[in-house]
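Structural description and commentary
Read off the chains here:
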Amino acid sequence: MYKKILGLIAILSILFTNVNAQEKGKFTGGQNHEMPEWFKESFLDIAEDVEEAKEEDKHVILFMTLKFCPYCTKMLNDNFIEGAKNQKYIQENFDVIGINIKGQKELAINEDKSMTEKEFADYLKVQYTPTILFMNQKNEVVVRLNGYRSVENFKLVLDFVKNKEYKNMSLTDYLDKVKNKTFYTLKENKLFKNITDLSKIDGPLAVAFEDGSCTQCDYLHNTTLKNKDVQEELSKVTVVRFDAMSKEKIITPDGKETTPYDWSKEMILDYRPGFVLFDKKKEIVRIDALLYSFHFKELVRYVSGGYYSKYPTFLDYLRPRQQELLDAGINIDISDKI
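This is a predicted model, so every value here is computed, not measured.

Calculation rules
- Every chain is numbered independently, its residues counted from 1 as its sequence is written.
- Predicted model: local features are reported for residues with pLDDT of at least 70 only, side-chain atom pairs are reported and counted for 80 or more only, and whole-chain, interface and lining totals are derived from all residues.
- Just so you know, side-chain values use all the structure's heavy atoms and leave hydrogens and water out.
- Secondary structure follows DSSP: runs of H or I at least 4 residues long count as helices, runs of E at least 2 residues long count as strands, and numbering of each begins at the N terminus.
- Partly exposed residues are those whose accessible area sits between 20% and 50% of the maximum for their type, while under 20% is buried and over 50% is exposed, using a 1.4 Å probe and protein chains only.
- Any pair of residues with heavy atoms lying within 4.5 Å of one another is described as a contacting pair.
- Per-residue and other accessible areas were derived by the Shrake-Rupley procedure at a 1.4 Å probe size, with only the shown protein chains allowed to occlude residues.
- For the charge count, each Lys or Arg is scored as positive and each Asp or Glu as negative, with His and the chain ends excluded.
- Here the site of a charge means NZ on Lys, CZ on Arg, CG on Asp, or CD on Glu.
- We count a salt bridge whenever a side-chain nitrogen from Lys or Arg sits within 4 Å of a carboxyl oxygen from Asp or Glu.
- When DSSP locates at least two bridges between a pair of strands, those strands are taken to pair.
- Axis definition: a line fitted to C-alpha atoms, over the contacting stretch in the case of helices. Angles run 0 to 180 degrees between N-to-C directions.
- Disulfides are defined in this document as cysteine sulfur pairs within 2.5 Å.

So, on to the overall build of the protein. In terms of regular secondary structure, the protein is built from twelve helices and 14 strands. Dimensions of the protein, computed from C-alpha atoms along their principal axes, come out at roughly 90 × 50 × 40 Å. For the protein, the proportion of its 338 residues judged to be buried stands at 51%. At a minimum sequence separation of 6, the contacts of the protein that also span at least 24 residues come to 68%. Summed over all atoms, the accessible surface of the protein reaches about 17,700 Å², with 50% contributed by carbon and sulfur. Averaging the positions of the 49 positive and the 53 negative side-chain charges in the protein gives two centres separated by 6 Å.

Below is the structure:
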């Protein structure tokens, strides 16, 4: 009998241990990538690279990337790899230099300022990858893109820099002038509230901007906004959507009367669909690039949960948040499988 009792205790102990041993979640969706072979082999002396490009009347592009970044892979595949629609145009008119935002290679911005690749990314407060910097021929940043751009939208930016339109106008004004405004028809969504006076909203607020030029809005509606986790997070936020071309009168969170058209230009928000997230009437962060569902819902949570008061950037928040989910046995997929 004694042996039977001991055996039963041992079995129960094993069962109890197995029940309480929490399996860690799996992290998937990251995509590895290599810089195309035609990218410039640079010693990361940026001023020298700019001078060399200038001799051929080219501009320098700094392509800032991160290992296993799915957006970097998509950007490279859609625009930069051999055979991509914009690849020849880029190669003929730009010198492209790859930079690892976690790298330790020494980088010289000019004669007076040097730092590692990682320090350079911190200096620029990089929040999204890829971050793409376009340098003019005076070694000045004339365009900064935070995140992925579609082939069509990226070509417009390439034209803006290649033709030196930055000498005449802002990128926002240029895109307003040249982009196709009949590409997309705005869709209704039950998540959107019909509110024009945003000053009445004290809590978390997400203001979305779309217009007829939007190449990523169908993806937003057909994939991102249909994700249950995204819907749950957005239910904690007041979501308002404006047509960025509209001249209707609205009132901003700080009480200023304007129009969606003027407001989006004032905020220099040229990506569609663009989201600006507010809390307590103050802008906290923007979604001005393609984000897959996991990152989209976590960025909304970063604001709605007030985590921005503890973590100064979304990336600071994201690292411990991901670990928390994995430790709880929750799987994370940073891509969107369609």
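As a further point, take the pattern of salt bridges. Scanning the entire structure with this criterion turns up 23 salt bridges. A salt bridge links Lys74 to Asp78; the nearest nitrogen and oxygen atoms lie 3.2 Å apart. Within this pair, Lys74 and its partner Asp78 are both found in helix α3 (residues 70-80), separated by four residues, close to a single helical turn. Notably, a salt bridge pairs Asp173 with Lys265, separated by 2.8 Å at the nearest N-O pair. Placement of Asp173 in helix α7 (residues 171-178) and of Lys265 in helix α10 (residues 260-266) is noted, with a sequence separation of 92 residues between them. Linked by salt bridges that have partners in common, Lys297, Glu298, Arg321 and Glu324 make up one network.

On to the sheet that holds strand β3 (residues 94-100), then. What the four strands build is an open sheet, ordered β3-β2-β6-β7; its pairing is mixed. Strands at the two margins of the open sheet, each flanked by one partner only, are β3 and β7 (141-146). Strand-to-strand, the axes of this sheet are offset by a mean angle of 15°, without reference to chain direction. Of the strands in this sheet, β2 (59-65), β3 and β6 (131-135) are in contact with helix α2 (residues 46-55), which crosses β2 at around 140°.

Attention shifts here to the sheet that holds strand β9 (residues 238-243). In space, the four strands of this open sheet follow the order β9-β8-β12-β13, with mixed pairing throughout. One side of each edge strand has no neighbouring strand; the edge strands of this open sheet are β9 and β13 (282-287). Ignoring strand direction, the axes of neighbouring strands in this sheet form an average angle of 25°. Bridging between strand β8 (residues 205-210) and β9 involves six bridges; their strand directions are parallel. Paired with Phe209 across the bridge in β9 is Phe242. Of the strands in this sheet, β12 (274-279) and β13 touch helix α11 (residues 293-304), which is tilted by about 175° from β13.

With the rule as written, the count across this model stands at one disulfide. The partner cysteine of Cys214 in its disulfide is Cys217, sulfur to sulfur 2.0 Å. Because the sign of the S-S torsion sets the handedness, a value of about 100° for the bond joining Cys214 and Cys217 places this disulfide among the right-handed ones. In this structure Cys217 comes out as buried when scored by relative accessible area, which is 0%.

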